[in-house]
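# Fold and contact review
One-letter residues, chain by chain:
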Amino acid sequence: MTIRALIAEDEPILAATLAMTLQGLWPGLEIVGSAPNGVAAVEQGLLLRPDILFLDIRMPGQTGLEAAEELAERWDGPQPFPHIVFVTAFDDYAVQAFEHAAADYVLKPVSAARLGKTVERLRALVEARQQPATLQLADPGALGSLVSQLQALLPAAPVAPMAQRLATIRAAVGNTVRMIPVGDVVFFQAVDKYVNVATPDAEALIRVPLKDLLPQLDPLQFRQVSRSMVVNMACVSSAGRDDFGKVTLTLRGRPDRPKVSPVYAHLFRQM
Amino acid sequence: MSSVLSSFIPAPRSRARRLLADLPLAVAVGALLAVVITVVVGRPEVFFENLIVSVLIGVAAYVLINGGRLLFLDYPDWGPRGWACFLALVFMVAPLAHPLGLHVASLILGFPTPTLDSYFTVRRASMVLFTLIGTGLMTLLVMNREHLRRTREEHAAQRLRAEVVERQALQAQLRLMQAQIEPHMLFNTLANLQGLIAIDPARAGTMLDGLIQYLRATLNASRSENTTLEHEFAAMQAYLGLMGVRMGERLAYRLALPPGLRSARLPSMLLQPLVENAIVHGLEPKIDGGEIVIDAASEQGALVITVCDTGLGLGHTDGQCGGGVGVSTTRERLAALYGAGASLTLTPAQPCGTLARLTLPLDTP
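Basis of the calculations
Residues numbered from 1 in each chain as written. Chains lettered and ligands numbered in written order. Predicted model: local features only at pLDDT ≥ 70, side-chain atom pairs only at ≥ 80, totals over all residues. Helix = DSSP H or I, 4+ residues; strand = E, 2+ residues; numbered from the N terminus. Buried ≥ 20, exposed ≤ 12 C-beta atoms within 10 Å, placed from the backbone. Contact = placed C-beta atoms within 7 Å. Pairing = 2+ DSSP bridges. Axes fitted to C-alpha atoms, helices over the stretch in contact; angles between N-to-C directions. Core = buried A, V, L, I, M, F, W, Y, C linked by C-beta atoms within 7 Å. Nonpolar A, V, L, I, M, F, W, Y, C, P; charged D, E, K, R; others polar. Parallel < 35°, antiparallel > 145°, perpendicular 65-115°, else oblique. Left-handed = near helix turned anticlockwise from the far one by under 90°. pLDDT = per-residue confidence, 0-100. Expected span 1.5 Å × (residues − 1). Bend = angle between axes of the 7 residues up to and from the residue.

## Some words on the overall build of chain A
A count of helical and extended segments in chain A gives 7 helices and 15 strands. For chain A, with 271 residues in total, the buried portion stands at 39%. A separation threshold of at least 6 residues defines the contact pool for chain A, and within that pool the share at least 24 residues apart is 58%.

In structure tokens:
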């Protein structure tokens, strides 16, 4: 069985070089595609379902970290989540962060010796995956290790001091501005450039990006559960887990069933 | 650096000027003592005579004591020996100053001048003692004032020195920043070069040429303050050539330099931060990429350079690279070099992207 790899890299020469070096080191590896930006990386990842994904960090569209997060959120079905190797050019901070998060990464310019070690590790991981008997129950798998890496690597949203927190949401509805007490909000959901503010009996759009809104909310009451959703924890009545480990929330006062990103699933684990 | 410093710090004042500076104080102390004597003696009708005599004695004592001090003891922090000399000076001067002042006063007022043998009376001896105390006090006052003045001057000199050092540090930092090549850019370029060596050696050679040219321009800029527009455009051509290899079809670029402006002089590496901003914040993060156009023109005696891109535009800065640093540094440089005679404006370009417009005095040889 061949092992399939996808390369996400915006600089064409670097993508070609990485593919060539990989094939020299690992003849059994098939490069199934190459994505030129962070958005295409997710789409092609979902389409091609590779075993290994090389993700450049600085890409147009979205960063490699954001692409990994989105892919983890949208990954479904029985196929195991791909092993992710981050690729980054010289960047002191990023390198320290990757080491801290125990993430697999290679530095550009890629040294064949360094890439050889990565290939060895990947081979061991893929072989272990092909022999389910040796797999232990506690093994978090590729998704589990990515989740813990992303929790360390993704920048945490800053928290504004109490005085700068929002007490009411002012949302325009036609010619009037509705004043919504923050405590009444069940969830905020990003929709393109807007945010949908949902209360038990109404919805309203505001023109503030979710990432600007988040720091102005009480970090204990409002939690991010996926890249596009922030929920009021007081309104969550239950969290269900499906066969693939996907967590879905049931809300008080709203029929919506928001999905929880694997990155935030730990918020809904039993005590 | 010491030559620069000395040009900022005023030279010490001459002794004669320092002696004259406190003369009004001597006159004032003399006048005050005349009032005291008149009140003590209780004869207001002789106040005018007392005043003349007292002031002249005061001035004589002042000139003798301070003259001596400035000549022989003009250094700070006297030891015990210095103080002993100073006291001896005061004691010597008092019996000299009193008859001297009295003699001159007598000449002015038309009184008979006292001869040396008729001079010593008990009353006069007590007056000499009075003069001694008065001049001693006056001298201490003068010295105190001088001490204060010296401290003030030292403070001012220190402040000036700090300012000079700060300015030099700033200039050095600016030169360093000009010479700085973003590591991310350099390593990505090297990674491309590494790849091309295996894939397309001829193109690798061309790219290496571009890198050498860009590095030379950047590193030279840290040593020279000025360059010509032709050199600056060549450096940007090399930079965009490197970025063109890296970004492939996503980057198109055009540079237009009118032949008449080739030799126009401008501060070195002035364009670099603007072109780098257009790439790093405008075109590189945009999925489809775009075009960058660099233009130069002369408008009413001013040199106008525009850097126009079709990138993400203003307000899309992700803060990743501290957007705005390049712009604010450029504005600081322009302000330091030309004051209000130069400017940099950023406006949204149509239909998308950013237009950076640099205006500075045209300097053609």
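## Re the sheet that holds strand S5 (residues 302-309) of chain B
Residues and elements named next belong to chain B. Taken in spatial order, the 5 strands line up as S2-S4-S5-S7-S6 in an open sheet, and their pairing is mixed. Both outer strands of the open sheet, strand S2 (251-256) and strand S6 (343-348), are each paired with one neighbouring strand and no more. Neighbouring strand axes in the sheet, compared pairwise and without regard to direction, differ in orientation by 15° on average. Bridge analysis of S5 against strand S7 (residues 354-361) gives 8 bridges, and the strand direction is antiparallel. Within S7, the position partnered with valine 304 by the bridge is threonine 359. Against the sheet, helix H10 (residues 229-247) touches S2 and strand S4 (290-299), its axis set at about 170° to S2. Against the sheet, helix H11 (residues 272-283) engages S2, S4, S5 and S7, with an angle of about 20° to S5.

## Considerations on the pairing of strand S8 (residues 187-191) of chain A
Residue and element names in this part refer to chain A. Here S8 pairs with strand S9 (residues 194-199) via 5 bridges, running antiparallel. By the bridge assignment for S9, phenylalanine 188 is matched with valine 197. In this antiparallel pair of consecutive strands, S8 and S9, the connection spans 2 residues, and aspartate 192 shows a positive phi of 55°. The sheet contact formed by S8 and strand S12 (residues 229-232) spans 3 bridges and is antiparallel. Of the residues in S12, the one forming a bridge with phenylalanine 188 is valine 230.

## Quick word on the nonpolar core
Considering soluble globular proteins, one finds that nonpolar side chains tend to be buried as a cluster. Ranked by internal contacts, the top residues of the largest apolar core, which has 95 residues, are Ala8(A), Phe54(A) and Leu55(A). Here the element with the most residues in this core is H10(B); it accounts for 10 residues. Residue contacts for Phe54(A): discarding those within four places in its chain leaves Ala5(A), Ile7(A), Ala8(A), Leu18(A), Val85(A) and Val87(A).

## Points about the interface of chain B and chain A
The partner chain A presents 17 residues to the 20 residues of chain B that form the contact. Put simply, the parts of the chain that give the side of chain B that touches chain A at least two residues each are helix H8 (183-199) and H10 of chain B. The residue makeup of the side of chain B that touches chain A, split by class, is 11 nonpolar, 6 polar and 3 charged.

## Some thoughts on the sheet that holds strand S10 (residues 202-206) of chain A
All names here are of chain A. The sheet built from 5 strands is open, its strands ordered S10-S9-S8-S12-S11 with antiparallel pairing. Single-partner strands in this sheet number two, and they are S10 and strand S11 (222-226). Here the average twist between neighbouring strands, direction ignored, is 25°. Pairing of S9 with S10, which is carried by 5 bridges, proceeds in the antiparallel orientation. Note that in S10 the partner of asparagine 196 across the bridge is leucine 205.

## A word on the packing of H8(B) against H10(B)
All names here are of chain B. Put simply, H8 and H10 touch, their axes get as near as 10 Å, and they point 60° apart. With respect to H10, the axis of H8 lies oblique. Crossing of H8 over H10 shows left-handed handedness. Of H10, the residues touching H8 (which contributes Asn188, Thr189 and Asn192) are Leu242, Val245 and Arg246. A breakdown of the residues in the contact of H8 with H10 according to their chemical character gives 2 nonpolar, 3 polar and 1 charged.

## Description of helix H2 (residues 38-48) of chain A
Restricting attention to buried positions, one finds in H2(A) the residues Gly38(A), Ala40(A), Ala41(A), Val42(A), Gln44(A) and Gly45(A). Lining the buried residues of H2(A) we find strand S1 (3-8), strand S2 (29-35), strand S3 (52-56) and helix H3 (64-74) of chain A.

## Topic: the confidence of the model for chain B
Residues and elements named next belong to chain B. Model confidence for chain B is summarised by a mean pLDDT of 83, while 88% of its residues fall at 70 or above. Across chain B, element-level confidence peaks in S2 with a mean pLDDT of 97 and bottoms out in helix H1 (residues 2-8) with 45. Scored below 50 in pLDDT, residues 1-8 makes 5 contacts in the model with residues more than four places away or belonging to other chains. Counted against residues more than four places away or in other chains, residues 318-323, with its pLDDT under 50, gives 5 contacts. On the interface metric, ipTM, the complex scores 0.80, and its pTM is 0.68.

## Topic: unusual backbone geometry
A cis geometry characterises the amide bond from Lys108(A) onward to Pro109(A), with omega recorded as -5°. Structurally, Pro109(A) can be placed in the loop between strand S5 (105-108) and helix H5 (112-130). With omega at -5°, the peptide bond leading from Gln350(B) into Pro351(B) counts as cis. Its place among the elements puts Pro351(B) in the loop between S6 and S7. One non-glycine residue, Arg49(A), lies in positive phi territory at about 45°. Here Arg49(A) lies in the loop between H2 and S3.

## Some words on the pairing of strand S14 (residues 247-251) of chain A
Residues and elements named next belong to chain A. Where strand S13 (residues 236-241) lies against S14, 5 bridges are found, and the strand directions are antiparallel. Residue pairing across strands places serine 238 opposite threonine 250, the latter belonging to S14. Hairpin connection of S13 to S14: 5 residues between the antiparallel strands, including glycine 245 at a positive phi of 85°. As paired elements, S14 and strand S15 (residues 259-260) share 2 bridges and run antiparallel to each other. Each bridged residue has a counterpart across the sheet, and for valine 247 the counterpart in S15 is valine 260.

## Section: the environment of Asp209(B)
Position of Asp209(B) among the secondary structure elements: in helix H9 (residues 201-221). Assessed through the 12 C-beta atoms surrounding it within 10 Å, Asp209(B) is described here as exposed.

## Side note on helix H5 (residues 80-109) of chain B
Working note: α-helix, 3.6 residues per turn, so residues spaced by three or four point in the same direction. Residues and elements named next belong to chain B. End to end, H5 covers 43 Å across 30 residues, agreeing with the expected 44 Å (1.5 Å per residue, within 8%). Valine 93 marks where H5 bends most, by close to 30°; the proline proline 95 follows one to four residues later. Among all positions in H5, only Phe86, Val90, Val93, Ala94, Ala97, His98, Gly101, Leu102 and Ala105 are buried. Looking one or two places after H5, you find glycine 110, whose phi comes out positive at around 75°.

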